[in-house]
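Fold and geometry: a report
Each chain is listed here by its residues.
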Amino acid sequence: MSTYIVCAVLLCALLGRMALQAEAEEPSLLDDATILADFDEMNTTDIWLAWMAVYQATTESVREIGRMIVEDHEKIRAKARVLASRLLTNPLLLRPRYE
């Protein structure tokens, strides 16, 4: 049952992300700072959802996937934040919603 809950949460996150993209500005109006800020926000959401799988899933296979996602996405987030600092952009200042 818990596996279904985790899947439902992931599906809701995906649908929410798709809705936000549908409401986004024209792609030509997005600058690098905005793209990095949106990426940071979405990636952090993925990390949170993966931690939910780690702590709330009832099967080891789902918990293992959650751990893998956390590890991979935290590495990606760190690299994206280094890139943002190189571009003199701080995505956390643009849209400070999660952390």
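Residues numbered from 1 in each chain as written. Predicted model: local features only at pLDDT ≥ 70, side-chain atom pairs only at ≥ 80, totals over all residues. Heavy atoms only, no water.

**With respect to the overall build of the chain**
Our working rule: Working definition: helices are DSSP H or I runs of at least four residues, strands are E runs of at least two. Numbering for both runs from the N terminus. To sort residues, take the accessible area from a 1.4 Å probe on protein chains only and compare it with the maximum for the residue type: under 20% means buried, over 50% means exposed, and anything in between is partly exposed. The Shrake-Rupley method, run with a 1.4 Å probe sphere, supplies the accessible areas, and residue values consider only the shown protein chains as cover.
Along the chain, the regular secondary structure elements total four helices and zero strands. In the chain, the order of α-helices and β-strands from amino to carboxyl end is α-α-α-α. Counting over 99 residues, the chain shows a buried share of 25%. Accessible surface computed for the chain: about 7,000 Å², of which carbon and sulfur atoms make up 65%.

**Examining the environment of Leu49**
Within the secondary structure, Leu49 sits in helix α2 (residues 32-56). Under the relative-accessibility criterion, Leu49 is labelled buried at 10%.

**Digging into the pattern of salt bridges**
Just so we agree on the cut-off: Definition used for salt bridges: Asp or Glu carboxyl oxygen within 4 Å of a side-chain nitrogen of Lys or Arg.
On inspection of all chains with the given rule, the structure shows five salt bridges. Among the ionic pairs, Glu60 bridges to Arg63, the shortest N-O distance being 2.9 Å. Pair noted here: Glu60 and Arg63 are both in helix α3 (residues 60-86), with a separation of three residues, about one helical turn. Between Glu71 and Lys75 there is a salt bridge, with the nearest N and O atoms lying 3.3 Å from each other. A residue pair is termed a helical-turn pair when its members lie 3 or 4 positions apart in one helix, as Glu71 and Lys75 do in helix α3 at four residues. Residue classification places Glu71 among the partly exposed positions, given a relative accessible area of 45%. Within this structure, Glu60, Arg63, Glu64 and Arg67 form a network of salt bridges that share partners.

**Concerning α3**
Basically, it comes down to this: The span you would expect from a helix comes to 1.5 Å times its residue count less one.
The end-to-end C-alpha separation of α3 is 39 Å, in line with the 39 Å expected for 27 residues at 1.5 Å each. Looking at α3, one finds that the buried residues are Val62, Gly66, Val70, His73, Arg77, Ala80 and Ala84.

**Comments concerning the confidence of the model for the chain**
Just so we agree on the cut-off: Residue-level confidence of the predictor is what pLDDT reports, using numbers from 0 through 100.
Residues at a pLDDT of 70 or more form 59% of the chain, whose mean pLDDT is 75. At the level of individual helices and strands, the chain shows its lowest average pLDDT in helix α4 (residues 91-94), which scores 53, and its highest in α3, which scores 92.

**Re the packing of α2 against α3**
To keep things clear, this is the line we draw: The axes are straight lines fitted to the C-alpha atoms, using for helices just the contacting stretch, and the angles between their N-to-C directions are given from 0 to 180°. What sets the label is the angle itself: under 35 degrees gives roughly parallel, over 145 gives roughly antiparallel, 65 to 115 gives roughly perpendicular, and the rest give oblique. Handedness of each helix crossing follows the sense of rotation of the near helix against the far helix: counterclockwise by less than a right angle gives left-handed, clockwise gives right-handed. Residue classes follow a fixed rule: Ala, Val, Leu, Ile, Met, Phe, Trp, Tyr, Cys and Pro count as nonpolar, while Asp, Glu, Lys and Arg count as charged, and any other residue, Gly among them, counts as polar.
α3 packs onto α2 with a crossing angle of 160° between their chain directions and a minimal axis gap of 8 Å. Here α2 lies roughly antiparallel to α3, going by the angle between them. Viewed along their axes, α2 and α3 form a crossing whose handedness is left-handed. Taken together, the residues that form the contact of α2 with α3 break down as 14 nonpolar, four polar and seven charged.

**What about the environment of His73?**
Stated formally: By definition in these notes, contact holds between two residues if any of their heavy atoms fall within 4.5 Å.
In this structure, His73 sits in helix α3. Separated by 27 residues in sequence, His73 and Asp46 have C-alpha atoms that sit 7.5 Å apart. Those residues within four positions of His73 in sequence are excluded, and the remaining contacts are Asn43, Asp46 and Ile47.

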